[in-house]
Amino acid sequence: MPVCEQLTQPYTDQKPGTAGLRKKVAVFLQPHYLENFLQAIFDVETSLKGSTLVIGGDGRYHNRVAIQTAIAMAAGNGISKVVVGQGGILSTPAASNLIRVHDAAGGLLFTASHNPAGPDGDFGIKFNIAGGGQAPEALTGKIYEASRTISRYRLFDGGSVDLDRCGNQQLGDTLIEIVDSVDDYAHLQQSLFDFDLIRAWFKRGGRICFDAMHAVTGPYAQRILIEQLGAPAGSVINATPLEDFGGGHPDPNLIYAKHLLDLAMSADAPDLIAASDGDGDRNMILGRGLFISPGDSLAMLAAHLDKLPGYKNGPKGGIRGLARSMPTCRAVDVVAKALEVECFETPTGWKFFCNLLDAGRLTLCGEESFGTSSSHTREKDGLWAVLAWLNVLATTGKSVQQLADAHWARHGRHYYVRHDYDELPVAAANTVVDSLRKALPSLIGSTHDDWTISQADEFSYTDPVDGSIATGQGLRIVFGDAARIILRLSGTGTEGATLRLYLERYENAADKLAWPTSDALAPLAQTADRIVRLNELTGRKGPSVIT
Ligand code: G16
């Protein structure tokens, strides 16, 4: 049997961040770098042996090579069956769904999400567990420890797999099944939304522009939006996945997808404008004349979800609970109160929602980083959010603007913005965090621009299901319900350190609901500048990105 053991030396930098191991392509190209990390997964997650493993990626540069390596190592490590997306393509939510459909023990997802791709770009790997969720912190910690002492890895050294041919192939004792990348995912979406109603909405002249940003969602959007729902040809743009994402930055936000904001503000804007990111788990939503912030999108979907087929009230349906990550604006909390359901505040990282989803306490959750999803899968799901919005538009017959206005009139409005300070020297970023941490106790009770600080602390989270504790999850300065300033270090950057400053302001008086966001947040931004001293301590003139 051509299963061989290859000797190797450990690398010391394989600590997974917020969503897996993300590094420059050049780092992954170092000898045995990928193999070491994969072997650490196989060594730690022993349930994979004799089971099914799902493998796919977002199609970026190095995807195919990495997938062949992963398949050979799966065969060398006694995996019974490997399910692979055709051409090595699987969006992150589609991969999570396939893990569930095939009752797999886990999945390997090759993606660096929205980070740029190509030989000079980024690459990454995520390990998802049985049930489809991202590996929890305890597990990624063990994988990291194993990667630091690894001395050999195992692989099947007997040929490669034809990734483009759907059907079964054999590699040693391991069955390799290449599956259509879209089929199961499209089937899942059909079970959740009213496709007939959406089709009728398109027939009546409803229009969408969905930008796949030359990343993984192109084939998914073509199949579902155009072929199944009958959206007019041309409704999906940049639909061909490219290894370098066309040189773009498939991070759908107001900076990297500014052309969509321009489209939304143009005279000929479609009813819904949307985009997804590199691996298909993020979403951006705009209507004619307005951008819906991710926190607002979460709250507005929460308010309408029980009208949609997959979430209708009934013995198994309805809204069980809602959740958001700590820095995400508190708009969804207000809806949860109105619906009289639990609302959870979790640390940043989709994995923190998974226990609550598995325990049946959560139906809908989301993050400020353009992530929204529901109990149908264990990852955030970009196209799901777009379909949910389409279904809400078709069901209510209202425009995005009308829905937003009605929502804000009823629940009040959370103005929200995020300032990113990218690629900071690590020491400078730590100085900012350390000095604010020290100042927090003395801030409580102080008043700034009519707002009084009611709470100032470092967020830590006790998982309500398993009791595990996550500490150091961001610094927060809370002005009651009126406003918040949050500071945290990103866990997904690949160069230096990224600091994120989040500003949130709540208003519910009728004459304060239609301000431009930047005007609404200007006083809070000045307060944050005085308290956090980001520019002063980093020597920067301002944030690198504002979303
Ligand atoms: C990942 C995580 C998200 C997180 C985001 C940003 O998303 O899955 O839960 O909100 O990173 O994290 P950070 O603020 O630490 O950079 P993705 O889409 O990059 O996989």
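Just so it is clear, the model here is predicted, and its values are computed rather than measured. Throughout, residues of each chain are indexed from 1 in the direction in which the sequence is written. Only residues with pLDDT of at least 70 are given local features in this predicted model, and only at 80 or more are side-chain atom pairs given and counted; all residues enter the totals for whole chains, interfaces and linings. Side-chain measures here rest on the full set of heavy atoms in the structure, leaving out hydrogens and waters.

1. Some points on the overall build of the chain
Comment: elements are numbered from the N terminus, with helices defined as DSSP H or I runs of at least four residues and strands as E runs of at least two. Along the backbone of the chain there are 17 helices and 28 strands. Its C-alpha atoms put the chain at 75 × 60 × 45 Å along the principal axes. The rule is simple: take the accessible area with a 1.4 Å probe, protein chains only, and divide by the maximum for that residue type; under 20% is buried, over 50% is exposed, in between is partly exposed. For the chain, the proportion of its 547 residues judged to be buried stands at 58%. Considering only contacts within the chain whose residues lie at least 6 apart along the sequence, 71% involve residues at least 24 apart. About 20,200 Å² of surface is accessible on the chain, with carbon and sulfur atoms providing 49% of the total. Within the chain, one finds 50 positive and 62 negative side-chain charges whose respective centroids are separated by 3 Å. Any two residues whose heavy atoms approach within 4.5 Å are treated as being in contact. Here the Shrake-Rupley method, with its probe set to 1.4 Å, supplies the accessible areas, and only the displayed protein chains count as covering residues. Working convention for charge: Lys and Arg count positive, Asp and Glu count negative, and His plus the chain ends are omitted. In this description, the location of a charge corresponds to atom NZ of lysine, CZ of arginine, CG of aspartate or CD of glutamate.

2. Comments concerning the site of the ligand
Near the ligand there are 20 residues, and of these Glu367, Arg488, Gly491, Thr492 and Arg500 occur at the shortest range. With respect to the ligand, the side chain of Asp281 contributes an N or O atom lying 3.5 Å from an oxygen atom. Contacts described as polar in this section are N or O atom pairs within 3.5 Å, which, within protein, must combine one atom able to donate a hydrogen with one able to accept it, while residues neighboring in sequence count only if both atoms come from side chains. Measuring from an oxygen atom of the ligand, one finds a side-chain N or O atom of Arg488 at 2.6 Å. Out of a free accessible area of 460 Å², the ligand has 100% covered by protein chains. Basically, the charged four are Asp, Glu, Lys and Arg, the nonpolar ten are Ala, Val, Leu, Ile, Met, Phe, Trp, Tyr, Cys and Pro, and anything else, Gly included, counts as polar. Tallied by class, residues from the shell around the ligand come to 2 nonpolar, 10 polar and 8 charged. A single heavy atom is enough: if one lies within 4 Å of a molecule or strand, its residue is considered near that molecule or strand.

3. Observations concerning the packing of aromatic side chains
Centre distance within 6.5 Å is the pairing criterion for rings of Phe, Tyr and Trp, where only the six-membered ring of Trp is used; planes under 30 degrees apart are then read as stacked, over 60 as edge-to-face, and the remainder as tilted. Applying the stated rule across the entire model yields 13 aromatic pairs. With a centroid separation of 4.9 Å and an interplanar angle of 65 degrees, the aromatic rings of Tyr11 and Tyr33 are classed as edge-to-face. Taken together, the positions of Tyr11 in the loop between strand S1 (3–7) and strand S2 (21–24) and Tyr33 in helix H2 (residues 33–44) put the pair 22 residues apart, joining distant regions of the chain. Taken as a pair, Tyr11 and Tyr33 share a single burial class, namely buried. By way of ring pairs, the aromatic residues Tyr11, Phe28, Tyr33, Phe110 and Phe123 are connected into one cluster. A cation over an aromatic ring shows up here: Arg413 above the ring of Trp408, its NZ or CZ 3.8 Å from the ring centre. Lysine NZ or arginine CZ positioned within 6 Å of the ring centre and within 35 degrees of the ring normal marks a charge as sitting over the ring.

4. A look at helix H15 (residues 426–443)
In this analysis, the expected span of each helix is defined as 1.5 Å times one less than the number of residues it contains. Its 18 residues place the ends of H15 25 Å apart at the C-alpha level, agreeing with the 26 Å of an ideal helix rising 1.5 Å per residue. Looking only at H15, the buried set comprises Ala428, Ala429, Val432, Val433, Leu436, Leu440 and Leu443. Remark: Gly445 follows H15 within two positions and exhibits a positive phi of approximately 95 degrees.

5. Details of the packing of helix H11 (residues 331–339) against helix H14 (residues 400–411)
Two numbers describe how H11 lies on H14: the axes approach to 11 Å, and their chain directions differ by 70 degrees. On the basis of their axis angle, the class for H11 and H14 is roughly perpendicular. Each of Val334, Val335 and Ala338 in H11 lies in contact with H14, whose residues at this interface are His407, Arg410 and His411. In this analysis an axis means a line fitted to C-alpha atoms, helices contributing only their contacting stretch, and an angle means the value between N-to-C directions, from 0 to 180 degrees. For classification purposes, an angle smaller than 35 degrees is called roughly parallel, one larger than 145 roughly antiparallel, one from 65 to 115 roughly perpendicular, and anything else oblique.

6. Details of the environment of Gln222
Positionally, Gln222 belongs in helix H8 (residues 217–228). For Gln222, a relative accessible area of 30% puts it in the partly exposed group. C-alpha separation for the pair Gln222 and Arg330, spaced 108 residues apart in sequence, amounts to 34 Å. In contact with Gln222, other than residues within four places in its own chain, are Glu227, Val236 and Ala239.

7. Some thoughts on the sheet that holds strand S15 (residues 321–325)
Two strands qualify as a pair provided DSSP detects at least 2 bridges between them. The strand order S16-S15-S17-S18 describes an open sheet built from 4 strands, whose pairing is mixed. At either margin of the open sheet sits one strand with a lone partner, and together these are strand S16 (342–346) and strand S18 (371–374). Ignoring which end each strand starts from, the neighbouring axes of this sheet average 15 degrees apart. As paired strands, S15 and S16 are joined by 5 bridges and run parallel to one another. Looking at the pairing, Arg324 lines up with Glu345 of S16. Along the sheet face, H11 touches S15 and S16 and points at about 165 degrees away from the line of S15.

8. Section: unusual backbone geometry
The backbone phi angle of Met213 is positive, close to 55 degrees, even though this residue is not glycine. Within the secondary structure layout, Met213 lies in the loop between strand S10 (208–211) and H8. Although it is not a glycine, Phe370 adopts a positive phi angle of roughly 65 degrees. Tracing the backbone shows Phe370 in the loop between strand S17 (364–367) and S18. Exposure remark for Phe370: the relative accessible area of 5% places this residue in the buried category.

9. Notes on the nonpolar core
Buried Ala, Val, Leu, Ile, Met, Phe, Trp, Tyr and Cys residues form a nonpolar core when they are joined through side-chain atoms within 4.5 Å. Counting residues in each nonpolar core, the largest one holds 88 residues, and the members touching the most others are Phe193, Phe210, Leu225 and Trp384. Per-element tally for this core: the top contributor is helix H13 (residues 382–396), with 11 residues. In this structure, Trp384 is in contact with Tyr185, Gln189, Leu192, Phe193, Leu301, Leu305, Tyr311, Leu364, Thr372, Ser373, Ser374 and His376, ignoring residues within four places of it in sequence. Counting 44 residues, the second largest nonpolar core, distinct from the first, contains Val25, Phe28, Ile41 and Tyr153.

10. Points about the domain arrangement of the chain
Domain boundaries shown here were taken from an automatic or database domain assignment. Here the chain is described as being made up of domain 1 (3–181), domain 2 (185–411) and domain 3 (413–546). A separation of 26 Å is found between the C-alpha centroids of domain 2 and domain 3. Taken together, the contact pairs 26 residues of domain 2 with 28 residues of domain 3. A buried area of about 2,300 Å², summed over both sides, lies between domain 2 and domain 3, and 58% of it is on carbon and sulfur atoms. As used here, buried area is the combined drop in accessible area, with a 1.4 Å probe, of two parts when they are placed together. By the criterion of area lost to domain 3, the three top residues of domain 2 are Met326, Arg330 and Trp408, representing 29% of everything that side buries. Throughout this description, the term salt bridge denotes a Lys or Arg side-chain nitrogen within 4 Å of a carboxyl oxygen of Asp or Glu. Linking domain 2 to domain 3 there are 4 salt bridges. Between Arg418 and Glu368 there is a salt bridge whose closest N-O contact spans 2.8 Å. The residue inventory of the side of domain 2 that touches domain 3, partitioned by class, reads 14 nonpolar, 6 polar and 6 charged.

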